[in-house]
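# Observations on the model geometry
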Amino acid sequence: MSVAVVASDSPEGREALVRAVEEAKLRGLELVALAVVDSNTVTEEDREATTLATKQILDSRGISDAELTVRVEPDAGDPAGAIVDLVADTGATLLVIGSRRRSAVGKFLMGSTVQRVLLDSPVPVLVVKSPEGSGTR
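In this report, the structure presented in the accompanying data block is examined. (Residues numbered from 1 in each chain as written. Predicted model: local features only at pLDDT ≥ 70, side-chain atom pairs only at ≥ 80, totals over all residues. Heavy atoms only, no water.)

## A short note on the sheet that holds strand β3 (residues 68-74)
Whenever strands of a sheet pair, they do so through backbone hydrogen bonds, lying parallel or antiparallel. Spatial ordering of the open sheet is given by β3-β2-β1-β4-β5, a layout of five strands whose pairing is parallel. Unpaired on one side and paired on the other, β3 and β5 (125-129) mark the two borders of the sheet. Taking the axes of each pair of neighbouring strands and ignoring which way they run, one obtains an average angle of 25° across the sheet. Pairing of strand β4 (residues 92-99) with β5 involves five bridges; the strand directions are parallel. Of the residues in β5, the one forming a bridge with Ile97 is Val127. Contacts from helix α3 (residues 79-90) reach β1 (2-6), β2 (30-37), β3 and β4, with the element oriented near 150° to β2. Contacts from helix α5 (residues 113-120) reach β4 and β5, with the element oriented near 160° to β4. (Pairing = 2+ DSSP bridges. Helix = DSSP H or I, 4+ residues; strand = E, 2+ residues; numbered from the N terminus. Axes fitted to C-alpha atoms, helices over the stretch in contact; angles between N-to-C directions. Contact = heavy atoms within 4.5 Å.)

## Observations regarding the packing of α3 against α5
Between α3 and α5, whose axes approach to 9 Å, the crossing angle comes to 40°. Put simply, α3 runs oblique to α5. Of the two possible hands of crossing, α3 and α5 adopt the one that is right-handed. Along its contact with α3, which presents Pro79, Ala80, Gly81, Ile83 and Val84, the element α5 presents Thr113, Arg116, Val117 and Asp120. Across the contact of α3 with α5, the residue classes break down as five nonpolar, two polar and two charged. (Parallel < 35°, antiparallel > 145°, perpendicular 65-115°, else oblique. Left-handed = near helix turned anticlockwise from the far one by under 90°. Nonpolar A, V, L, I, M, F, W, Y, C, P; charged D, E, K, R; others polar.)

Here you go:
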(Lines give C-alpha, C1' and ligand atoms only; values in the text may rest on other atoms or scores of the structure.)
Protein backbone atom coordinates (compact mmCIF):
# COMPACT_ATOMS: atom_id res chain seq x y z
CA MET A 1 0.00 0.00 0.00
CA SER A 2 1.22 3.45 -0.85
CA VAL A 3 0.38 7.04 -1.64
CA ALA A 4 1.07 7.85 -5.28
CA VAL A 5 1.78 11.32 -6.60
CA VAL A 6 2.06 12.51 -10.17
CA ALA A 7 5.56 13.99 -10.41
CA SER A 8 5.75 17.20 -12.38
CA ASP A 9 8.17 20.12 -12.28
CA SER A 10 5.43 22.75 -12.28
CA PRO A 11 4.01 24.83 -9.42
CA GLU A 12 1.05 22.45 -9.20
CA GLY A 13 3.27 19.38 -9.37
CA ARG A 14 5.61 20.67 -6.67
CA GLU A 15 2.68 21.42 -4.36
CA ALA A 16 1.20 17.97 -5.01
CA LEU A 17 4.53 16.34 -4.12
CA VAL A 18 4.75 18.20 -0.81
CA ARG A 19 1.15 17.29 0.04
CA ALA A 20 1.75 13.65 -0.92
CA VAL A 21 4.71 13.49 1.49
CA GLU A 22 2.41 14.76 4.26
CA GLU A 23 -0.30 12.23 3.36
CA ALA A 24 2.15 9.32 3.24
CA LYS A 25 3.55 10.24 6.67
CA LEU A 26 0.06 10.72 8.11
CA ARG A 27 -1.08 7.32 6.84
CA GLY A 28 2.22 5.53 7.53
CA LEU A 29 2.50 4.49 3.88
CA GLU A 30 5.21 4.40 1.26
CA LEU A 31 5.38 7.29 -1.22
CA VAL A 32 5.57 6.53 -4.93
CA ALA A 33 6.20 9.34 -7.41
CA LEU A 34 4.77 8.59 -10.84
CA ALA A 35 6.00 10.22 -14.02
CA VAL A 36 4.98 9.61 -17.59
CA VAL A 37 7.18 10.70 -20.46
CA ASP A 38 5.97 11.68 -23.89
CA SER A 39 7.38 8.70 -25.77
CA ASN A 40 6.96 5.01 -26.34
CA THR A 41 10.05 3.99 -24.37
CA VAL A 42 11.82 5.10 -21.21
CA THR A 43 15.58 5.14 -20.81
CA GLU A 44 17.59 4.75 -17.63
CA GLU A 45 18.57 8.42 -18.08
CA ASP A 46 14.86 9.36 -17.98
CA ARG A 47 14.47 7.48 -14.70
CA GLU A 48 17.59 9.02 -13.15
CA ALA A 49 16.68 12.55 -14.25
CA THR A 50 13.15 12.23 -12.87
CA THR A 51 14.40 10.83 -9.57
CA LEU A 52 16.95 13.65 -9.23
CA ALA A 53 14.40 16.35 -10.10
CA THR A 54 11.88 14.94 -7.62
CA LYS A 55 14.46 14.87 -4.82
CA GLN A 56 15.56 18.42 -5.67
CA ILE A 57 11.97 19.65 -5.35
CA LEU A 58 11.73 18.04 -1.91
CA ASP A 59 15.12 19.45 -0.85
CA SER A 60 14.07 22.95 -1.99
CA ARG A 61 11.04 22.66 0.31
CA GLY A 62 13.18 21.50 3.26
CA ILE A 63 11.97 17.91 3.04
CA SER A 64 15.03 15.71 3.05
CA ASP A 65 13.74 12.79 5.11
CA ALA A 66 11.07 11.58 2.67
CA GLU A 67 11.49 8.02 1.48
CA LEU A 68 10.16 7.61 -2.00
CA THR A 69 10.19 5.34 -4.99
CA VAL A 70 10.05 6.89 -8.45
CA ARG A 71 8.30 5.12 -11.34
CA VAL A 72 8.75 6.47 -14.86
CA GLU A 73 6.81 4.98 -17.74
CA PRO A 74 6.02 6.01 -21.33
CA ASP A 75 2.63 7.58 -21.94
CA ALA A 76 2.17 6.00 -25.40
CA GLY A 77 0.03 8.99 -26.39
CA ASP A 78 -2.34 8.70 -23.41
CA PRO A 79 -0.93 10.37 -20.28
CA ALA A 80 -4.12 9.96 -18.23
CA GLY A 81 -4.35 6.29 -19.11
CA ALA A 82 -0.69 5.76 -18.26
CA ILE A 83 -1.16 7.44 -14.87
CA VAL A 84 -4.23 5.34 -14.06
CA ASP A 85 -2.37 2.17 -15.07
CA LEU A 86 0.59 3.12 -12.85
CA VAL A 87 -1.69 3.79 -9.89
CA ALA A 88 -3.24 0.34 -10.25
CA ASP A 89 0.18 -1.27 -10.76
CA THR A 90 1.69 0.27 -7.61
CA GLY A 91 -1.18 -0.75 -5.34
CA ALA A 92 -1.69 2.84 -4.21
CA THR A 93 -4.59 3.65 -1.92
CA LEU A 94 -4.53 7.39 -2.70
CA LEU A 95 -3.41 9.44 -5.69
CA VAL A 96 -2.29 13.05 -5.30
CA ILE A 97 -2.22 15.20 -8.43
CA GLY A 98 -1.65 18.90 -9.05
CA SER A 99 -4.00 20.99 -11.13
CA ARG A 100 -4.21 24.54 -12.31
CA ARG A 101 -7.35 26.52 -12.90
CA ARG A 102 -8.60 26.62 -16.47
CA SER A 103 -11.65 28.16 -18.05
CA ALA A 104 -14.54 25.97 -19.16
CA VAL A 105 -13.71 26.72 -22.80
CA GLY A 106 -10.08 25.70 -22.23
CA LYS A 107 -11.20 22.39 -20.73
CA PHE A 108 -13.60 21.78 -23.61
CA LEU A 109 -11.08 22.55 -26.34
CA MET A 110 -8.02 20.87 -24.87
CA GLY A 111 -9.50 18.20 -22.62
CA SER A 112 -8.06 17.63 -19.20
CA THR A 113 -5.65 14.95 -18.07
CA VAL A 114 -6.63 15.64 -14.48
CA GLN A 115 -10.31 15.27 -15.33
CA ARG A 116 -9.71 11.91 -17.03
CA VAL A 117 -7.62 10.70 -14.09
CA LEU A 118 -10.39 11.75 -11.69
CA LEU A 119 -12.97 9.80 -13.66
CA ASP A 120 -10.86 6.69 -14.30
CA SER A 121 -8.77 6.34 -11.14
CA PRO A 122 -9.33 3.12 -9.20
CA VAL A 123 -8.52 4.94 -5.93
CA PRO A 124 -9.50 8.27 -4.32
CA VAL A 125 -7.76 11.30 -5.84
CA LEU A 126 -6.59 14.36 -3.92
CA VAL A 127 -6.33 17.33 -6.30
CA VAL A 128 -3.96 20.06 -5.14
CA LYS A 129 -3.74 23.58 -6.51
CA SER A 130 -0.58 25.57 -6.04
CA PRO A 131 -0.76 28.96 -4.31
CA GLU A 132 0.86 30.41 -7.45
CA GLY A 133 -1.75 28.85 -9.73
CA SER A 134 -4.87 29.70 -7.75
CA GLY A 135 -5.63 33.01 -9.44
CA THR A 136 -8.16 33.39 -12.22
CA ARG A 137 -7.16 33.21 -15.84
